[in-house]
Amino acid sequence: MKKIYINMIKLPTFINHYVYCLTGFEYTHFTLSLCKNSKNSYSFQRRNKNLPLVGGPLCESEVFYFNGKKNKNVKIIEYEVPVTDDEYRRICGFVDKIFNDKEYMFSFISVWLTFPFGGIKSYKSYQCTEFICEILSLIDNISLPKESHKMRPLDLYKVLKEYNYKEKTIHSNNYVIQNDNMFFKKIKFSVALRKSIYSIKESFYRTFFYKASKRFDFRKINFYAKDIKKDFKKK
């Protein structure tokens with residue numbers, strides 16, 4: 001018997017506030033850890049803190065949750081979910097498959113539609129709640145009340161609340177921003193605009209046709225050193 005860990009997080013972001021206003025539920029981000037006290041977890045979200053429309057599968061550390069902001073607290077609830085050895089291998093294989101497939105992207109359309117209307121399924125696109133629900137669907141004794149893409153954070157919470165959990169609050173002042181991580185870099189405006197428009201177009205195409213566009217290029221939804229905005233300091 002093994003265990004996986006699902007983290008439910010209240011983020012200091014506009015989207016978190018938007019969802020809270022719609023639902024009254026303050027936790028909106030979910031991640032997966034494959035071992036206890038892991039420094040990294042897996043999820044789907046933006047690849048740069050300033051660009052919510054450009055994202056995909058991401059290996060996160062806790063410092064990401066502050067979104068680069070100072071003097072912030074973030075509340076986390078970690079659920080401990082027991083799994084069989086076979087289920088654990090199945091989950092690890094699913095995660096490896098996604099994180100090694102460059103076609104996967106963040107489903108921002110589903111994020112915005114989930115709360116007022118219900119989520120929408122898209123080709124090789126997840127938002128964080130949907131990704132975690134896909135993980136839980138690989139566990140034999142868990143039965144989800146809805147399809148993964150229709151699950152809201154509150155629905156997922158109701159599934160998880162029967163498991164052992166621990167609560168903690170982390171403080172941004174105790175973390176050092178990872179300056180070498182692309183998540184925190186300032187991106188050139190022209191690049192940010194171009195990649196955001198590309199992501200929107202690709203997301204709508206996948207939603208309506210349930211396949212990637214013929215000329216899909218994963219490099220257009222990722223960030224590289226050449227995309228970073230240079231800081232010109234006054235002498």
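Our subject is the structure listed above.
Residues numbered from 1 in each chain as written. Predicted model: local features only at pLDDT ≥ 70, side-chain atom pairs only at ≥ 80, totals over all residues. Heavy atoms only, no water.

A. Local environment of the environment of N50. For N50, the location among the structural elements is in the loop between β3 (41-46) and β4 (55-60). A relative accessible area of 44% places N50 in the partly exposed class. Counting along the chain gives 134 residues from N50 to F184, while the straight-line C-alpha distance between them is 8.2 Å. (Helix = DSSP H or I, 4+ residues; strand = E, 2+ residues; numbered from the N terminus. Buried < 20%, exposed > 50% of the residue type's maximum accessible area, 1.4 Å probe, protein only.)

B. Examining a positive patch on the surface more closely. Together, K188, R194, K201, R215, K220 and K230 make up a positively charged patch on the protein surface. Structurally, the position occupied by R215 is in the segment after α6 (189-209). (Patch = residues over 30% accessible without salt bridge, like charges linked within 9 Å, V, L, I, M, F, W, Y side chains within 5 Å. Areas by Shrake-Rupley, 256 points an atom, 1.4 Å probe, with all protein chains shown as cover. Salt bridge = Lys/Arg side-chain N within 4 Å of Asp/Glu carboxyl O. Lys, Arg positive; Asp, Glu negative; His and termini not counted. Charge placed at Lys NZ, Arg CZ, Asp CG, Glu CD.)

C. The nonpolar core, seen in detail. Ranked by size, the top nonpolar core spans 42 residues in total, and within it I4, I6, L32, I91, F131 and L136 carry the most contacts. Those elements that provide at least two residues to this core are β1 (2-9), α1 (14-23), β2 (29-33), β5 (73-83), α2 (85-99), α3 (108-114), α4 (128-136) and α5 (153-160). With near-sequence residues (within four places) excluded, L32 lies in contact with I4, Y5, I6, S41, Y42, I91, V95, F131, I132 and I135. (Core = buried A, V, L, I, M, F, W, Y, C linked by side-chain atoms within 4.5 Å. Contact = heavy atoms within 4.5 Å.)

D. Structural detail: the packing of α2 against α4. At a minimum axis separation of 10 Å, α2 and α4 run at an interaxial angle of 145°. Counted together, I91, F94, V95, I98 and F99 of α2 and F131, E134 and I135 of α4 form the full contact between these two elements. Classifying every residue of the contact of α2 with α4 gives seven nonpolar, no polar and one charged. (Axes fitted to C-alpha atoms, helices over the stretch in contact; angles between N-to-C directions. Nonpolar A, V, L, I, M, F, W, Y, C, P; charged D, E, K, R; others polar.)

E. Region of interest: the layout of surface pockets. Put simply, the largest pocket is a space of about 190 Å³. Lining the largest pocket are 15 residues, and of these N7, S38, E62, E78 and K168 sit closest to its centre. Elements supplying a minimum of two residues to the lining of the largest pocket: β5 and β8 (164-171). Residue classes in the lining of the largest pocket are distributed as two nonpolar, seven polar and six charged. Taken as a whole, the second largest pocket holds about 160 Å³ of empty space. In this structure, the second largest pocket is lined by R47, P57, F99, D101, K102, Y104, F218 and N222. A class-by-class count of the residues in the lining of the second largest pocket yields four nonpolar, one polar and three charged. (1 Å grid on protein atoms, 1.4 Å probe; cavity = no way out; pocket = protein on both sides within 12 Å on 5 of 7 lines; lining within 4 Å. Points joined across faces, edges and corners; volume = space filled by probe spheres on them.)

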